[in-house]
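Below, each chain spelled out in residue letters.
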Amino acid sequence: MAHALPLRPAARLRRLPPVLAVVAVVALLALPLGPDGGGGAHPADAVSALVVLYGVLRLVRDRRRPLTRRAAAVLGLPVLGLAVAAAGAASPGAGLEGLGRYLQVFVLVPAAVLLLLRDRDDARLLAWATVMLAVWQGAVGVHQYVTATGASYQGEPIRAVGTFGAQDVMGMATVVSLGLVCALGLALGRTPVRHRLLAAGCALALLLPLAVSFSRGAWIATAVTCAAQLLLAGPRRALAVGAAVLAAGVVLVGGLGVGTAMLQERVGSITQVTDAPDQSVTDRYTMWAAAAGMWRERPLTGVGLKGFPEYRDSHASLALSSGSETDGAGAGYQRQPLLSPHNMYLLVLAEQGLLGLVALAGSWLALLVLGLRRLRAARRAGGRGLDCGLIACGLLVWQLTDFAYADIGGPSTVLTAVCFGLAAWWALGSTTSGGAAAR
């Protein structure tokens, strides 16, 4: 009787799903950084480059066609505007640095994710990895809020920032928001009941760390996205989940005392843009005006990649402060310069002009339209893969909404790249790799 020989280590590695390489990128974002590491490179960025290389090696080994014409056109569309803006940068070094970052976030990593995801199970695994990362970061953030060991907010160390530190106050809010979007999509799918209940519980639990992040942009983007997901899932589910979220809100605000005066003031400041706004709002609108001024100066190609800081002072009014203040969460007091307008669309318009904005926004819009079209087809087919569609479209809607209040930067940016890849897999994957995404 013949006995099966044990698999060699190389053979075992080949049997592992390729999506685990992308999951590793997500998992690395759970690592804490040093006090001064919030704005620098993160290990996840280095691994994302290895993921791109891994995708290329798999293509060469398997002799597969890299991308369909549609996928190549949609994902490659931003390259034209980026190349022109890089050539117009103030220095070759700045142009290459900016070009590399944009290609990483919007072209290379999304393409690698598209190629490494084989089916819906892979997409769900990646979504659950994002949820688990959000739960971990959220738990750290809530602990910071409760023990007053977070980043400084109105003079008190209570702002939840997770492991990202005071220099990247948006990092935890971004991760928690994206995890909540994934959890809600999983809860609204057609998977086993226990999986949906667990996902719904995670979504409700993530509301607390999102609240104590004091991030208005993340609140707005998450509210818009969750409402869109509920409507896309169907009116009955929208009513049921809406009632559950309302009940959770009552418990958080009334029962647990989350509705502090600071939190209520932060919520009220969302609409307070002309009637005595705080300095952060004043700085933001001043930088928006400066970005618009740069675009009017060079409307077609912009001032070049990484050019906003250099041209900021010549276009900003005297209302702009000298920088933002950060403190707490294990780091000392620091004053950070304002190097971007905190609006992705205006940043692209200022540095890349109409050419770059049309190319980037055109790529995003194509992904959204194709993704929504496939989501509608999934609903008509009995809801097969509905959770994956809600996750992919939800992540894209969140990013496009949040880009009105933020731009790329910080360690969490690599998660933005993964989200665009998941959206690309859903929108373009049905015609890629022999229809693997449709299984």
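Residues numbered from 1 in each chain as written. Predicted model: local features only at pLDDT ≥ 70, side-chain atom pairs only at ≥ 80, totals over all residues. Heavy atoms only, no water.

### Quick notes on the overall build of the chain
Applied cut-off: Note on conventions: DSSP H or I runs of at least 4 residues are helices, E runs of at least 2 residues are strands, and numbering of each starts at the N terminus. Contacts are assigned to residue pairs that have any heavy atoms within 4.5 Å of one another. Residue burial considers only the protein chains on display, and all accessible areas are found by Shrake-Rupley using a 1.4 Å probe.
A count of helices and strands for the chain gives 17 helices and four strands. When contacts within the chain are restricted to residue pairs at least 6 apart in sequence, those whose partners lie at least 24 apart make up 77%. Put simply, the chain shows about 19,500 Å² of open surface, and 66% of that area lies on carbon and sulfur atoms.

### Re helix α4 (residues 69-87)
Convention followed: Expected span, for any helix, means 1.5 Å times one less than how many residues it has. What is called the bend at a residue is the angle between a pair of axes, fitted to the seven residues leading up to and ending at it and to the seven starting from it. Here the term buried applies to any residue with accessible area under 20% of the maximum for its type, exposed to any over 50%, and partly exposed to those in between, with areas from a 1.4 Å probe on protein chains only.
Here α4 is 19 residues long and its end C-alpha atoms lie 27 Å apart, about the 27 Å a rise of 1.5 Å per residue gives. At G76, α4 shows its largest kink, close to 35 degrees, and the proline P78 lies no more than four residues downstream. For α4, the complete set of buried residues consists of A71, V74, L75, P78, G81, L82, A85 and A86. At its buried positions, α4 is contacted by α5 (92-116), α15 (344-380) and α17 (413-428).

### As for α15
As a reminder of what qualifies: N or O atoms closer than or at 3.5 Å make up a polar contact, with two conditions inside protein: a donor-capable atom paired with an acceptor-capable one, and, for residues adjacent in sequence, both atoms drawn from side chains.
For α15, which comprises 37 residues, the first-to-last C-alpha distance of 35 Å sits more than 12% below the rise-based estimate of 54 Å (1.5 Å per residue). A side-chain oxygen of the first residue of α15 lies 3.0 Å from the backbone nitrogen of Y345; this N-cap is N343. Among the residues trailing α15, G382 stands out with phi positive, at a value near 95 degrees.

### Quick notes on the nonpolar core
Which entries qualify depends on this criterion: Within this scheme, the nonpolar core is defined by two criteria: the residues are buried Ala, Val, Leu, Ile, Met, Phe, Trp, Tyr or Cys, and they are joined through side-chain atoms within 4.5 Å.
Residues Y102, F106, L126, M344 and L428 are the most contacted members of the largest nonpolar core, which totals 119 residues. With 14 residues, α15 is the single largest residue contributor to this core. Ignoring anything within four residues of it in the chain, the contact list for L126 reads V19, V22, V23, V26, V113, L117, V418 and L422.

### Examining the packing of helix α2 (residues 19-28) against helix α6 (residues 120-147)
For clarity, the cut-off: Working convention: axes come from line fits to C-alpha atoms, limited for helices to the stretch in contact. Angles between N-to-C directions cover 0 to 180 degrees. These descriptions rest on fixed angle ranges, namely under 35 degrees for roughly parallel, over 145 for roughly antiparallel, 65 to 115 for roughly perpendicular, and the rest for oblique. Left-handed describes a crossing in which the near helix is turned anticlockwise from the far one by less than a right angle; the clockwise case is right-handed. Throughout this entry, Asp, Glu, Lys and Arg are counted as charged residues, while Ala, Val, Leu, Ile, Met, Phe, Trp, Tyr, Cys and Pro are counted as nonpolar. The remaining residues, Gly among them, count as polar.
Interhelical geometry of α2 versus α6 gives an angle of 10 degrees and a closest axis separation of 10 Å. By the angle class used here, α2 and α6 are roughly parallel. Here α2 and α6 pass one another in a crossing that is right-handed. Contacts from V19, L20, V22, V23 and V26 in α2 reach D122, L125, L126, A129, T130 and L133 in α6. When the residues that make up the contact of α2 with α6 are grouped by side-chain class, the tally is nine nonpolar, one polar and one charged.

### Comments concerning the packing of helix α10 (residues 216-233) against helix α16 (residues 386-402)
With their axes 9 Å apart at the nearest point, α10 and α16 run at an angle of 145 degrees to one another. At the point where α10 passes α16, the crossing takes the right-handed sense. In this structure, α10 contributes G217, A218, A221, T222, V224, T225, Q229, L232 and A233 to the contact, and α16 contributes L390, I391, G394, V397, W398, T401 and D402. Looking at the contact of α10 with α16 residue by residue, the classes come out as nine nonpolar, six polar and one charged.

### Considerations on a nonpolar patch on the surface
To keep things clear, this is the line we draw: A patch consists of residues whose relative accessible area exceeds 30% and which take part in no salt bridge; residues with like charges are grouped when within 9 Å of each other, and nonpolar side chains (Val, Leu, Ile, Met, Phe, Trp, Tyr) when within 5 Å. We define a salt bridge as a side-chain nitrogen of Lys or Arg found within 4 Å of a carboxyl oxygen belonging to Asp or Glu.
Together, L16, L20 and L125 make up an exposed nonpolar region whose accessible area comes to about 220 Å². Here L16 shows up in the loop between α1 (9-15) and α2.

### Quick word on the environment of R296
Relative to the helices and strands, R296 is located in helix α13 (residues 279-297). Along the primary structure R296 and L349 are separated by 53 residues, whereas in three dimensions their C-alpha atoms are 9.5 Å apart.

### Let's talk about the pairing of strand β2 (residues 156-159)
What counts is decided by this rule: Two strands are counted as paired when DSSP detects at least two bridges linking them.
Bridge analysis of strand β1 (residues 151-153) against β2 gives two bridges, and the strand direction is antiparallel. Among the inter-strand pairings, Y153 is bridged to a residue of β2, identified as E156. Between the end of β1 and the start of β2, which pair antiparallel, lie two residues, with Q154 showing a positive phi angle near 55 degrees.

### Details of the packing of aromatic side chains
Heads up, the rule is: Geometry of aromatic contacts follows a simple scheme: Phe, Tyr and Trp rings, the Trp one being its six-membered ring, pair when their centres are within 6.5 Å, and the pair is stacked under 30 degrees between planes, edge-to-face over 60, tilted otherwise. Remark: a charge is flagged as sitting over a ring if the NZ atom of Lys or the CZ atom of Arg is within 6 Å of the ring centre and within 35 degrees of the ring normal.
Enumeration over the complete set of coordinates arrives at twelve aromatic pairs. Plain terms: the ring middles of F106 and F420 are 5.3 Å apart, the flat faces sit at 85 degrees to each other, and that makes the pair edge-to-face. With F106 in helix α5 and F420 in helix α17, this pair connects stretches of sequence that are 314 residues apart. Residue classification places F106 among the buried residues on the basis of a relative accessible area of 4%. Given a relative accessible area of 3%, F420 falls into the buried group. The structure contains a cluster of three or more aromatic residues connected by ring pairs, namely Y102, F106, Y345, W364, F403 and F420. Between R374 and the ring centre of W425, over which it is positioned, the NZ or CZ distance is 5.8 Å. Here R374 stacks its cationic end above the ring of W426, 4.1 Å away from the centre of that ring.

### Quick word on the side chain of D122
With respect to the helices, strands and loops of the structure, D122 is situated in helix α6. If sequence neighbours within four positions are ignored, D122 has contacts with P17, V19, L116 and L117.

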